[in-house]
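# Structural characterization, general
So the chains spell out like this:
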Amino acid sequence: DGMHYGHRKLLTLAISSVRPVDGRLLVGVTRDEMLTHKAFAESIPTLEERVAGVLDFVGNLAPGMKNRIRCVPISDEYGPPGQPEGSEVYPGVKNDFDALVLSHETLPTGRKLNGYREDVLGLEPLKLLCTQRTEPHGMSSTALRRMRTSKK
């Protein structure tokens, strides 16, 4: 989806969690084909537009991180942290993650990923850093797309 408040909140938490001098940040951006089942999918910006939005936001918020951030199009439920060591599903991405930033809504998937990492991959679980929804009306991406579509 377009860069809305919830996305900015997730990225802000992610940036603030990176070690100041040598920490790296990998941002997974869902591939277009994984979004076709979403309500109002035709209103979702393209992968390229969404990646540009992430890089623009991070570049403005933390210009010093410009060379330590990478966006990776993800094509499965777990993304790079759910890949076995040596996998080439995400070329050039090493599965040496120590944390995952997610929303309250996606926390169950983070817990499921940690179980998979431990039980199947034999890897350490990730520290799960979770944002809380603070808007009383709960503006999801779908709700925002519905509002935009109804205004046309």
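Here, every reference points to the structure presented above.
Residues numbered from 1 in each chain as written. Predicted model: local features only at pLDDT ≥ 70, side-chain atom pairs only at ≥ 80, totals over all residues. Heavy atoms only, no water.

## Considering the overall build of the chain
- Across its full length, the chain carries four helices and four strands.
- Along the chain, helices (α) and strands (β) appear in the sequence α-β-α-β-β-α-β-α when read from the amino end.
- In the chain, which comprises 152 residues, the share counted as buried stands at 34%.
- Of the contacts made within the chain by residues no fewer than 6 positions apart, 64% connect residues no fewer than 24 positions apart.
- When the accessible surface of the chain is split by element, carbon and sulfur atoms take 54% of a total near 9,300 Å². (Helix = DSSP H or I, 4+ residues; strand = E, 2+ residues; numbered from the N terminus. Buried < 20%, exposed > 50% of the residue type's maximum accessible area, 1.4 Å probe, protein only. Contact = heavy atoms within 4.5 Å. Areas by Shrake-Rupley, 256 points an atom, 1.4 Å probe, with all protein chains shown as cover.)

## Digging into helix α3 (residues 107-121)
- With 15 residues, α3 ought to run about 21 Å at 1.5 Å a step, and its terminal C-alpha atoms sit 20 Å apart, in line with that.
- Inspection of α3 places Leu107, Gly110, Leu113, Asn114, Arg117 and Leu121 among the buried residues, and these make up the whole buried set. End-on, the buried residues of α3 take up no more than an arc of 110°, which puts them together on one face. In this structure, α3 carries Pro108, Arg111, Asp119 and Val120 as exposed residues pointing more than 90 degrees from its buried face.
- Looking at the packing, one finds that the buried side of α3 touches β3 (99-103) and β4 (127-131).
- Within two residues after α3, Gly122 carries a phi angle of roughly 70°, on the positive side. (Expected span 1.5 Å × (residues − 1). Arc of directions from axis to C-beta.)

## Some details on the packing of aromatic side chains
- Within the structure shown, the criterion is met by one aromatic pair.
- With a centroid separation of 5.3 Å and an interplanar angle of 35°, the aromatic rings of Tyr78 and Tyr116 are classed as tilted. Here Tyr116 lies in helix α3 and Tyr78 lies in the loop between β2 (69-74) and β3, a separation of 38 residues in the sequence.
- The class of Tyr78 is buried, set by a relative accessible area of 17%. (Phe/Tyr/Trp six-rings, centres within 6.5 Å; stacked < 30°, edge-to-face > 60°.)

## Examining the nonpolar core
- By size, the foremost hydrophobic cluster in this structure holds 16 residues, and its most contacted members are Leu25, Val27, Val29 and Val54.
- Residue assignment for this core shows that the elements contributing at least two residues are α1 (5-17), β1 (25-30), α2 (47-61) and β2.
- Take this core: its biggest share by element is five residues, from α2. (Core = buried A, V, L, I, M, F, W, Y, C linked by side-chain atoms within 4.5 Å.)

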